[in-house]
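Next come the chains, spelled out residue by residue.
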Amino acid sequence: MFFETYKNELIITGFLLLFLLIVRFILTTLITKISRKNGINIARIHLINRYVSVTLFLIALIVIPFIFGTKMEQLVVLFSSVFAVIGIGLFAIWSILSNITSGIIMFFSFPYKVGDKIQIHDKDFPLEGIIEDIRAFQLHLRLENGDLVTYPNNLMLQRAVTLVEKDAIDDDAIDGI
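Since we're looking at a predicted model, the values are computed, not measured. (Residues numbered from 1 in each chain as written. Predicted model: local features only at pLDDT ≥ 70, side-chain atom pairs only at ≥ 80, totals over all residues. Heavy atoms only, no water.)

1. A short note on the confidence of the model for the protein chain
The predicted coordinates of low-pLDDT regions are not to be read in fine detail.
Piece 1. Looking at the protein chain as a whole, the pLDDT averages 85, with 94% of positions reaching at least 70.
Piece 2. Between the elements of the protein chain, mean pLDDT differs from a low of 45, seen in helix 7 (residues 171-175), to a high of 93, seen in helix 2 (residues 7-37).
Piece 3. A low-confidence stretch, residues 171-177 stays under pLDDT 50, and its non-local contacts, those more than four residues away or across chains, total one contact. (pLDDT = per-residue confidence, 0-100. Helix = DSSP H or I, 4+ residues; strand = E, 2+ residues; numbered from the N terminus. Contact = heavy atoms within 4.5 Å.)

The structure is reproduced here in structure tokens:
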């Protein structure tokens, strides 16, 4: 009964989902090729591909109700209620969102790569080390004394950073791992 009543809507939804899967495949392939060409870490590539997948999923969640005949007023009430609750929650965790946003910005326009030795000019806590990893929330720096420091992405974009040495990873240190 349900399938007969909403046959056309289900077919259109199927085509929409197929279209979004094709778009996801094209975008993730394009991001992966461009990123590998620019020498970007595989973990960062997977992270951005996840962001693309979540964005396309949210687009599907917005479009599918319209296919089934939901009126704009009904969706506005639903989304305004949901966004009010999410907004309050996001305000409470703005620092985490700031780091994620900074991670995305760093993915596309950060001039330093894994293996580069950098110096962070922080008035209270200056650092100099080799970038071991760039993650969604933080950057991993290996200091001269061997300590591993995690530095928040949002602070990386707010502080002055100097490139001390390009590709500073010691081959002997890699062999010893």
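That was the structure; now back to the text.
2. As for the side chain of N99
Piece 1. For N99, the position within the fold is in helix 5 (residues 94-109).
Piece 2. A relative accessible area of 10% means that N99 is categorised as buried.
Piece 3. Side-chain polar atoms of N99 contact the backbone nitrogen of N154, separated by 3.0 Å.
Piece 4. Discounting residues that sit within four places of it in the chain, N99 has contacts with A136, F137, P152, N153 and N154. (Buried < 20%, exposed > 50% of the residue type's maximum accessible area, 1.4 Å probe, protein only. Polar contact = N/O pair within 3.5 Å; in protein donor to acceptor, adjacent residues only side chain to side chain.)

3. What about the pattern of salt bridges?
Piece 1. Following the criterion strictly, the structure yields six salt bridges and no others.
Piece 2. Residues participating in the shared-partner salt-bridge network are K117, E128 and E144. (Salt bridge = Lys/Arg side-chain N within 4 Å of Asp/Glu carboxyl O.)

4. Comments concerning empty space enclosed by the protein
Piece 1. Tallied over the full model, the rule gives one cavity of 30 Å³ or more.
Piece 2. Approximately 40 Å³ is the volume found for the largest cavity.
Piece 3. Together, R44, L47, I48, G103, F107, I134, R135 and A136 line the largest cavity.
Piece 4. At the level of elements, helix 3 (42-67) and helix 5 are the ones that each hand at least two residues to the lining of the largest cavity.
Piece 5. Among the elements that make up the lining of the largest cavity, the one with the highest residue count is helix 3 (three residues).
Piece 6. A class-by-class count of the residues in the lining of the largest cavity yields five nonpolar, one polar and two charged. (1 Å grid on protein atoms, 1.4 Å probe; cavity = no way out; pocket = protein on both sides within 12 Å on 5 of 7 lines; lining within 4 Å. Points joined across faces, edges and corners; volume = space filled by probe spheres on them. Nonpolar A, V, L, I, M, F, W, Y, C, P; charged D, E, K, R; others polar.)

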